[in-house]
Amino acid sequence: MTAPQDRPNDGGVPVPVTPAGATSGAPAEYPPAGRGMFGNQGTGDVSGYGGLVRPRRTVEDSPRPYGGYFDEVTDALEEAYPGFADAIEKVVVDRGELTLHVRPERIAEVCQVMRDDLALRFELCSSVSGVDYLGADERRLHVVYQLTSMTYRRRVRLEAAVSAEDPHLPSVTGVYPTADWQERETYDMFGIVFDGHPNLTRILMPDDWEGHPQRKDYPLGGVPVEYKGAEIPPPDRRRSYQ
């Protein structure tokens, strides 16, 4: 059977031919000059997504009624927690999910009520993570807490925002022990300091590592990696695609 890249000559013997569109003998072709994936040109970005432009959405307070069990959760928290009006900055319902934006200094208090009140019973904190909204929010570093009520089979998200200049808020490990290593990872990657944490040290990067790699102003950088005798350069030194 004739291979796709071969073409029989007049004598019936297959001979190799250059694939259509090829410009050199290299295994991997450079894209045509002036073109890049998704409109990316000349940035050195090897991901192919550097030309994408995403619109910024303004997160606003959602109007009542929220729908589903969201009103019950909000009403129960307001009834059980006297500082609700001062602690809750806004309530957002988006894509079928409830997010309570909490003042950072009140996050541990709110978690305590969310866990202990009989009408709420959010016994599990399944995740603590960070987000960097560089250029979109003056308090650019957000901490996101995913809470689950095993009793009522409900979920809610808490979110607290701090600035890069003062990235402090209370630890919730006294309420949710599962937050221990998750707060350490958020500290390691984003530099958010959880006051009162029993052992707030790096968990992914070496102890003497400088900076916090998931902040959006952290340089791309990297270290070379050796694999089977070949050295793979860090991202900022790899071949730049047009």
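Scoring rules and cut-offs
- Residues numbered from 1 in each chain as written.
- Predicted model: local features only at pLDDT ≥ 70, side-chain atom pairs only at ≥ 80, totals over all residues.
- Heavy atoms only, no water.
- UniProt positions renumbered as here; feature names shortened; annotations may be inferred.
- Helix = DSSP H or I, 4+ residues; strand = E, 2+ residues; numbered from the N terminus.
- Buried < 20%, exposed > 50% of the residue type's maximum accessible area, 1.4 Å probe, protein only.
- Contact = heavy atoms within 4.5 Å.
- Areas by Shrake-Rupley, 256 points an atom, 1.4 Å probe, with all protein chains shown as cover.
- Core = buried A, V, L, I, M, F, W, Y, C linked by side-chain atoms within 4.5 Å.
- Axes fitted to C-alpha atoms, helices over the stretch in contact; angles between N-to-C directions.
- Parallel < 35°, antiparallel > 145°, perpendicular 65-115°, else oblique.
- Left-handed = near helix turned anticlockwise from the far one by under 90°.
- Salt bridge = Lys/Arg side-chain N within 4 Å of Asp/Glu carboxyl O.

The name that an unreviewed UniProt entry assigns to the protein chain is NADH-quinone oxidoreductase subunit C, with the source organism given as Micromonospora thermarum. The Subcellular location (unreviewed entry) field of the UniProt record for the protein chain holds the comment "Cell membrane". Taken from UniProt, the Sequence similarities (unreviewed entry) comment for the protein chain reads in full: "Belongs to the complex I 30 kDa subunit family."

Regarding the overall build of the protein chain
Looking only at helices and strands, one finds four helices and eleven strands in the protein chain. Buried residues in the protein chain amount to 32% of all 242 residues. In the protein chain, the proportion of contacts linking residues at least 24 apart, taken out of those at least 6 apart, comes to 50%. Surface summary for the protein chain: the accessible area is close to 15500 Å², and the carbon and sulfur share equals 52%.

Observations concerning the nonpolar core
Among the nonpolar cores identified, the biggest contains 39 residues, and Leu77, Val110, Met114, Tyr145, Leu147, Leu158 and Leu169 are the most heavily contacted of them. A total of five residues in this core trace back to one element, the largest contributor, which is helix 3 (residues 107–116).

Some details on the packing of helix 1 (residues 70–80) against helix 3
Remark: helix 1 packs on helix 3, axes separated minimally by 10 Å, with the N-to-C direction vectors making an angle of 110°. Classified by the interaxial angle, the pair formed by helix 1 and helix 3 is roughly perpendicular. Crossing of helix 1 against helix 3: the hand is right-handed. Facing helix 1, whose interface residues are Val73, Leu77 and Ala80, helix 3 presents Val110, Val113 and Met114.

Digging into unusual backbone geometry
For the peptide bond that leads from Arg64 to Pro65, omega is -10°, which places it in the cis range. Tracing the sequence through the fold places Pro65 in the loop between strand 2 (14–16) and helix 1. A positive phi angle is found at Arg121, which is not glycine, with a value near 55°. Its identity is not glycine, yet Arg153 carries a phi of approximately 55°, on the positive side.

Digging into the pattern of salt bridges
Here the structure, examined in full by the defined rule, presents 14 salt bridges. A salt bridge links Arg103 to Asp86, with the nearest nitrogen and oxygen atoms 3.9 Å apart. Of this pair, Arg103 sits in the loop between strand 4 (97–102) and helix 3 while Asp86 sits in helix 2 (residues 84–87), placing them 17 residues apart in sequence. For Arg103, a relative accessible area of 32% puts it in the partly exposed group. Take Asp86: its relative accessible area is 39%, and that puts it in the partly exposed class. Ionic contacts of the salt-bridge type, sharing partners, join the residues Asp86, Glu89, Arg103, Arg106 and Arg139 into one network.

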